[in-house]
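Take a look at the letters that make up each chain.
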Amino acid sequence: MDHYESVCKSHHISLPETFNFGRDVVDHMAQNKDKIALIWCNDCNTERVLTFQEIADSSNQVANWLIEQDVSQGDRVIVMLPRIPEWQICLTACLKLGAVPIPCITMLTEKDIAYRMDHSGAAAVITTAAQTSKFQTYLPTLKAALAIGKTVAGWSDYELISDQDKRFECCDLGLEEPAIMYYTSGSTGDPKGVCHPARSLYAWRYSAVHWLSLEASDIIWCTADTGWSKAGTSILFGPWSQGSTVLFYDGPFEPRRRFELIERYHVSVFCAAATELRQLIREDVSGIDLSHLKHAVSAGESVNPEIISAWTAQTGVPLLDGYGQTEILMTVLNYPWMPVKPGSMGRPLPGIDTGVLRTDGTLGGRGDQGELLIRLPSPQMMLSYWNDPQRSAEAVVTLNGSDWFKTGDNVRQDTDGYLFYVGRTDDIISSAGYRIGPQEVENALITHPAVQESAVVGLPDSERGEIVKAFVVLTQPDSQRVDAELVAELQAHVKRTTAPYKYPRAIEFVDELPKTVSGKIQRNLLRQSNLNEIGRASCRERV
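Residues numbered from 1 in each chain as written. Predicted model: local features only at pLDDT ≥ 70, side-chain atom pairs only at ≥ 80, totals over all residues. Heavy atoms only, no water.

## Here we look at the overall build of the chain
Next, step 1: From N to C terminus, the chain includes 15 helices and 28 strands.
Next, step 2: The C-alpha radius of gyration computed for the chain amounts to 23 Å, which stays within 12% of the reference 24 Å derived for 543 residues, consistent with globular compactness.
Next, step 3: Seen along its three principal axes, the alpha-carbon backbone of the chain occupies a region of about 65 × 65 × 55 Å.
Next, step 4: Classification of the 543 residues of the chain by burial places 58% in the buried group.
Next, step 5: For the chain, long-range pairs separated by at least 24 residues make up 66% of all intrachain contacts whose partners lie at least 6 apart in sequence. (Helix = DSSP H or I, 4+ residues; strand = E, 2+ residues; numbered from the N terminus. Rg over C-alpha atoms; globule rule 2.2 N^0.38 Å. Buried < 20%, exposed > 50% of the residue type's maximum accessible area, 1.4 Å probe, protein only. Contact = heavy atoms within 4.5 Å.)

As structure tokens, this is what we get:
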């Protein structure tokens, strides 16, 4: 039995009867009044340092204000904030009273927000003054609308929160009661609302134990955006459950600045997407003290073995790749105490049981290739896709007497149990850590008068993992211009219509799109055609 198998054998999850993260973690940690929970800074060198006691007090004040506005347990609350301490404070406040926060990135457009508001039935919104205009249509129907930064007509000013009582009686939240919801892109249709119960928030600490290897003395910096589920597990729930301090930086991506902040704040665990790491490994770090750094981790997109080797050579610490999904979070990981195989996602998190769905529909394992499965029940698993029982049911398959969650990702498992990512079973695009559904981009393009129809696929990219490419059929191909100006116009249109990170970085104009006899676009043929062309170009270059 190797060390990994020994750890798995000794792993045991004992779930409490109820769990309220705000009370059972934040308020509990606040018993040590001097323990630092959060170090916040920005690109203007402004800094705020908050203890768990200060987070507890401030979140109690926000919770009391929400109660005054008639926000109650089970109500959904959109929390759309940048990387500022109020993000943690407001999420914790929602959790304390049993409201269901929906973290959202600030890049969302009015259209993106309208979908989330309508789909979730959100009763309240917390955002910055600069973002309030995106919610104006819904303002009359909200129980609560809280603006941070300055006074906005029709919105409550966050400064008034300081008048609230710093004491609050947290609710008892049953393990199967909704606790938080994230929206994640699907390969077809609109984003899915992934609703997690209280037990998930409790169980997510185990990736912080085994993968992040966090202790109370650690300082972790995860650069994930605030609407990502990864931010929840590596900025909030995981670190604070371990009593660790979180560094939270609000500023643009500047490679050298990243290393300078690691040095200044004695960061011991650093988490970044592969897109960032590809830039960071090019930086000269001579003269920067990285002695406090224990290791780095990455998730959201595969990290090439070359990046892992370059990072270790550059910093002297390992880079541990990991795999997870919004529906169940971190499940297959590399660990500081386990040998790493180049290119591997790692092995299942202790407590997670995986399988491989072979192409013939049977259950496989070591030595097989197929769709990655996660055995259910799992305390990390979502409750369901919000208001979508059909999609929730379709995500589960029963094999050999057990239910399994279908991840939609194809993997290969070697004879040692290590898993290697092969690709999506659907058409999801993973670009710079963002999951992009092709139909979201296609829906944006079709609203431009020049576009008759389009198909969107992901293409390999050395910097971003994948880029979005659109194949566009024009409404009047004989009379319309086909040039760089039109490409730029369509790109700008998509940026205005949906979140800017979804825009197609490559556009190709075609006469028609390949379709099945039933009229479904065959994106796989477009993707493969481009891959073949890339391969031919590579061969020509070698010749």
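## Section: the environment of V422
Next, step 1: Position of V422 among the secondary structure elements: in strand β23 (residues 419-424).
Next, step 2: On the basis of relative accessible area, V422 is assigned to the partly exposed category, the value being 44%.
Next, step 3: For V422 and R481, which are 59 residues apart along the polypeptide, the C-alpha to C-alpha distance reads 39 Å.
Next, step 4: When neighbours within four sequence positions are excluded, V422 is seen to be in contact with Q369, N410, V411 and R412.

## Quick notes on the pattern of salt bridges
Next, step 1: Under the definition given, this model contains 27 salt bridges.
Next, step 2: Close ionic contact of E440 with K502 constitutes a salt bridge, the shortest N to O distance being 2.7 Å. Residue E440 is found in helix α13 (residues 438-445), and its partner K502 is found in the loop between α14 (484-497) and β28 (506-509); the two are separated by 62 residues along the sequence. Per residue, the accessibility class of E440 equals that of K502, and both read buried.
Next, step 3: We note a salt bridge from E442 to R523, for which the minimum N-O separation is 3.0 Å. (Salt bridge = Lys/Arg side-chain N within 4 Å of Asp/Glu carboxyl O.)

## A word on the nonpolar core
Next, step 1: Core analysis: the largest hydrophobic core is formed by 95 residues, its most contacted members being F21, W87, L201, W211, F237 and W240.
Next, step 2: Sorting elements by how many residues they give to this core places helix α4 (residues 85-97) first, with 8 residues.
Next, step 3: Beyond its immediate sequence surroundings of up to four residues, F237 is in contact with F21, L95, I180, Y182, L201, W204 and G232.
Next, step 4: Residues M117, V152, Y501 and I507 belong to the second largest nonpolar core, which totals 45 residues. (Core = buried A, V, L, I, M, F, W, Y, C linked by side-chain atoms within 4.5 Å.)

## Focus: the sheet that holds strand β27 (residues 465-474)
Next, step 1: Spatial strand order, β26-β27-β28: 3 strands in an open sheet with mixed pairing. A strand with exactly one partner marks an edge of an open sheet, and here the two such strands are β26 (451-461) and β28. Strand-to-strand twist in this sheet, taken as the mean axis angle between neighbours without regard to direction, amounts to 25°.
Next, step 2: Pairing analysis gives 10 bridges linking β26 to β27, with the strands arranged antiparallel. Within β27, the position partnered with G458 by the bridge is V468.
Next, step 3: Taken strand by strand, α13 contacts β26 and β27, and its axis lies near 140° from that of β26.
Next, step 4: The strands touched by α14 are β26, β27 and β28; relative to β28, the strand with the most contacts, the crossing angle is about 125°. (Pairing = 2+ DSSP bridges. Axes fitted to C-alpha atoms, helices over the stretch in contact; angles between N-to-C directions.)

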